[in-house]
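Architecture at a glance
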Amino acid sequence: MKRFLIAVFALTGLAAPAQTTGLLMRIAFGSGLDTDRPQPIWSAVASNRPDLFVYLGDRLGSNAVAATNCEVRWTQAEGFGSRIIGSPGRLIQIIWLNTLAVHNPTSPTPLLDAEQWTWFREQLRKPAQFRIVASGIPVLSEDHQGEKWVDWPRDNRLLYDMITDTEADGIVFVSGGRHKAELSMLGDKTPYPLYDLTTSPMNTMANEPVEEINRRGISDVVRDNNFGLVTIDWSTPDPAISLEIRDERGAARIQHTVPLSALQLISYDPQDVRFR
């Protein structure tokens, strides 16, 4: 059994309660970090001034924390959990899942156990305008040889059904564990399109990359060291969600923008009581 670790760090002084009132605008994330190797990518991460960094992967050593040169407010968060940040009408929910993946997908072991599924349903029912759901393995891509949600058909089906049943607005997935970065989109399983921004590696770039297809892919594939960045522009009537992959120089290699209204069951209006 491989237990994926999700570590969440606040980089600009956010506090640790389950809900905080600070306006969250920039969330960075990454995976594929070897703490025994040089980690120059942290300079690029810091230069983008994220409010939060989410690490997706197997292990995370203390060297990775020190390399950010940022004050850490939230410690490593193994297992699953969530935070809601913001004010009414501008609430962002960060959910990290514990994917108890096994190397033999034909095993009866589920990707998420019953306790976590019950918890996840409760989280999706909480009010939020935008939700980032973090997974240690890709959620939407279906074709590559590594672990992915579609290898567990029951869990995969339950995920889409739960999003539909709870009427949870504003979901975007972030994932890792692939030694490449790409953006996937699925538009026919839920009431609005789902996106999965996969990032990897941070410092373990493969010398001989394997060519794979992704029928859900809507971007180029980035195989250089990279990290992901999600930006929310709250200054516009219909907030713009920017999904990016940046390399260790900080250059944007993948960029895609989607209006928040495109991720809602009903039109977004921050003054509407339904969004509070």
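Report on the accompanying structure. Please read these numbers as outputs of a predicted model, since none were measured by experiment.

Moving on, we get to the overall build of the chain. Counting secondary structure elements, the chain contains 4 helices and 16 strands. Put simply, 68% of the contacts in the chain that link residues at least 6 apart link residues at least 24 apart. Accessible surface, the chain: about 11800 Å² in total, of which carbon and sulfur atoms supply 47%.

With that settled, consider the packing of aromatic side chains. Scanning the entire structure with this criterion turns up 4 aromatic pairs. Ring plane angle 50° and centroid distance 4.8 Å describe the contact between Phe-80 and Trp-119, whose orientation is recorded as tilted. Here Phe-80 is found in the loop between strand S6 (76–77) and strand S7 (81–85), whereas its partner Trp-119 is found in helix H3 (residues 114–124), with 39 residues between them in sequence. Given a relative accessible area of 28%, Phe-80 falls into the partly exposed group. These aromatic residues form a ring-pair network of at least three members: Trp-117, Phe-120 and Trp-149.

What follows deals with the packing of H3 against helix H4 (residues 153–166). Where H3 contacts H4, the axes come no closer than 10 Å and their chain directions differ by 30°. By the angle class used here, H3 and H4 are roughly parallel. Where H3 crosses over H4, the two elements pack in a sense that is right-handed. Listed contacts from H4 to Trp-117, Phe-120, Arg-121 and Leu-124 of H3 are Arg-154, Asp-155, Leu-158, Leu-159, Met-162, Ile-163, Asp-165 and Thr-166. Tallied by class, the residues present in the contact of H3 with H4 amount to 7 nonpolar, 1 polar and 4 charged.

With that settled, consider H4. Relative to the 20 Å expected for 14 residues at 1.5 Å per residue, H4 spans 20 Å between its end C-alpha atoms, a close match to the ideal helical length. Of all the residues in H4, the buried ones are Asp-155, Asn-156, Leu-159, Tyr-160, Met-162, Ile-163 and Thr-166. Considered in projection along H4, the buried side chains sweep an arc of 155° and stay on one side of the axis. Away from the buried face of H4 by more than 90 degrees, exposed residues Pro-153 and Arg-154 are located. Close packing links the buried residues of H4 with H3, strand S11 (171–175), strand S12 (182–186) and strand S13 (194–198). Directly after H4, the chain includes Glu-167, whose backbone phi takes a positive value near 55°.

One can find Pro-191 in the loop between S12 and S13. With 24 residues separating them along the chain, Pro-191 and Glu-167 place their C-alpha atoms 8.4 Å apart. Leave out the neighbours within four places in its chain, and Pro-191 touches Thr-164 and Leu-265.

What counts and how
Residues numbered from 1 in each chain as written. Predicted model: local features only at pLDDT ≥ 70, side-chain atom pairs only at ≥ 80, totals over all residues. Heavy atoms only, no water. Helix = DSSP H or I, 4+ residues; strand = E, 2+ residues; numbered from the N terminus. Contact = heavy atoms within 4.5 Å. Areas by Shrake-Rupley, 256 points an atom, 1.4 Å probe, with all protein chains shown as cover. Phe/Tyr/Trp six-rings, centres within 6.5 Å; stacked < 30°, edge-to-face > 60°. Buried < 20%, exposed > 50% of the residue type's maximum accessible area, 1.4 Å probe, protein only. Axes fitted to C-alpha atoms, helices over the stretch in contact; angles between N-to-C directions. Parallel < 35°, antiparallel > 145°, perpendicular 65-115°, else oblique. Left-handed = near helix turned anticlockwise from the far one by under 90°. Nonpolar A, V, L, I, M, F, W, Y, C, P; charged D, E, K, R; others polar. Expected span 1.5 Å × (residues − 1). Arc of directions from axis to C-beta.

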